[in-house]
Amino acid sequence: MKIKKRYYLKKKKLKEIKANLGPYSSLIPSKAKIEILETELPDLILIDGEPMLMILNGEPFPTLKGALKQPIDDHIVVVDMGAVKFMASGADVMSPGVVEADIQISEGDTVIVVDENHQKPLAMGQALISGEEMVKNDKGKAVKTLHYIGDKIWNFEI
């Protein structure tokens, strides 16, 4: 991963990010070292050297490591176990593999994809259709994958 810029976050910007994170603001402890990495991928927010947050469409969102540290309750898409091996390769989520989806999901929303057995995050992506349509449709793409287990963000080390 090519790093364009790396710098500590200013207090004003940190407050703004914490406010936008809502229930996930606890991912940023009060005494942590917070840095921003501007990369060719989405910009990352490092918390004590770990990529816990990323900036998607101008908004902060937990990375998969952040989602593992603090479970996420909404904007969840559950896929069957047959989809897991494809998700591990970065494939987009297809509607036939969706077992369940949050009905609050709208087209364009950022979502977390989990497996049906363990409810562990596999990927995060952008919803291409509503949560209701994801479950109802029996063909077509449901979620465009942006970050998955095993990608450059997941394997990132300083």
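For every chain, the first residue of its written sequence is number 1, and the numbers climb from 1 along that sequence. Two thresholds apply to this predicted model, a pLDDT of at least 70 for residue-level local features and 80 or more for giving and counting side-chain atom pairs, whereas whole-chain, interface and lining totals are computed over all residues. Side-chain descriptors were evaluated using all non-hydrogen atoms of the structure, hydrogens and water having been removed beforehand.

Asker: Teacher, can you tell me more about unusual backbone geometry here?
Answerer: Excluding glycine, a negative phi dihedral is what most residues carry, and trans is how most peptide bonds are arranged. Of note in this structure, His75 is not a glycine but carries a positive phi near 60°. Note on conventions: DSSP H or I runs of at least 4 residues are helices, E runs of at least 2 residues are strands, and numbering of each starts at the N terminus. Locating His75 in the fold gives a position in the loop between helix H2 (64–69) and strand S6 (76–79). Here's how the labels work: a residue is buried when its accessible area is under 20% of the maximum for its type, exposed when over 50%, partly exposed in between, all with a 1.4 Å probe on protein chains only. By relative accessible area, which is 17% here, His75 ends up buried. Non-glycine residue Gln119 carries a positive phi angle of around 60°.

Asker: Can you walk me through the pattern of salt bridges in this structure?
Answerer: Once their charged atoms are close, side chains differing in charge can pair, the charge on each being opposite to the other. When a carboxyl oxygen of Asp or Glu lies within 4 Å of a side-chain nitrogen of Lys or Arg, that pair is called a salt bridge. Following the criterion strictly, the structure yields 4 salt bridges and no others. Here Glu16 and Lys13 are joined by a salt bridge, their closest N and O atoms 3.5 Å apart. Of the two residues, Glu16 and Lys13 both sit in helix H1 (residues 11–21), 3 residues apart, roughly one turn of that helix. Lys13 sits in the partly exposed class, given a relative accessible area of 38%. Across the pair Lys141 and Asp92 runs a salt bridge, and its minimum N-O distance is 3.1 Å. Taken together, the positions of Lys141 in strand S11 (residues 141–148) and Asp92 in the loop between helix H3 (84–87) and strand S7 (93–94) put the pair 49 residues apart, joining distant regions of the chain. Among the residues examined, Lys141 registers a relative accessible area of 46% and is labelled partly exposed.

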